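Letter by letter, the chains look like this.
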Amino acid sequence: KSEFLSQRFYVPGDQQARFTKPDSSKWTQFAGMGLSYFPVKSYNLAERESEFRQLLGTYPNYKVLYRHCESCLPSHQHIYYKRLTPYPNEMQRLHLFLGSWVSEGNELGEDFLLFGSYSDLLSGQGNWTYCNYDDGGSDIGFPNGCGPMDSAHCQWSSVLRENYCDEKYSGRSWGFYVEK
């Protein structure tokens, strides 16, 4: 049986977590592409900003953001964003995640933390230690090249630009969710 499956390109391992949608009783989807496509009335991020701000809540009780990326490296398939400080009023928050990941008002360890699992987020351990930002005008969204310990190439999401920079693992198929 194993030889038969192997000849037909069966890849052993737990692939279920990679392609399982988040629990809709706990998470509200607000964007998605590829396998996690999420229909929206408009991809004009400015038009959707007020709706997104309502989903996030207010400081100090911001909701956790979760990006599930089926096509990303294993280290980037599940990323949880926990906000620590108030967002600057002028910041276009939806654009920050889906358009252009910037550092102004958004510094790792100061304004937010990133985690690779929800259990790490709850325990406050295992947070990521590296982030980069500000690829001026390139429409590279969350998380740009941020990674658990160092930079990760092509793991970003954007509704303004396709991510085909890596044939095997890239941010082509993703969904964004806000904790309920």
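Criteria and thresholds
Residues numbered from 1 in each chain as written. Predicted model: local features only at pLDDT ≥ 70, side-chain atom pairs only at ≥ 80, totals over all residues. Heavy atoms only, no water. Disulfide = S-S within 2.5 Å. Helix = DSSP H or I, 4+ residues; strand = E, 2+ residues; numbered from the N terminus. Buried < 20%, exposed > 50% of the residue type's maximum accessible area, 1.4 Å probe, protein only. Core = buried A, V, L, I, M, F, W, Y, C linked by side-chain atoms within 4.5 Å.

Q: Go over the state of the cysteines, please, and point to the residues and values.
A: Using the criterion set out here, one finds two disulfides in the structure. What pairs with Cys69 in a disulfide is Cys72, and their sulfur atoms sit 2.1 Å apart. Taking the sign of the S-S torsion, 70° for the link of Cys69 and Cys72, the bridge is right-handed. Paired by a disulfide, Cys131 and Cys146 hold their sulfur atoms 1.9 Å apart. Across the S-S bond of Cys131 and Cys146 the torsion is about 95°, and the bridge reads as right-handed. With a gap of 15 residues between them, Cys131 in the loop between helix 5 (118-123) and strand 5 (174-179) and Cys146 in the loop between helix 5 and strand 5 connect regions that are remote in the sequence. With respect to class, Cys131 is no different from Cys146; both count as buried.

Q: Tell me about the nonpolar core, and name the residues and values.
A: Membership of the largest hydrophobic core comes to 31 residues, with the highest contact counts inside it found for Tyr81, Phe97, Leu98, Trp101 and Leu114. Listed by contribution, the elements that provide at least two residues to this core are strand 1 (27-33), helix 3 (45-56), strand 2 (65-69), strand 3 (78-83), helix 4 (93-98), strand 4 (112-115) and strand 5. With four residues, helix 4 is the single largest residue contributor to this core. In this structure, Val64, Tyr66, Tyr80 and Tyr177 belong to the second largest nonpolar core, which totals eight residues.

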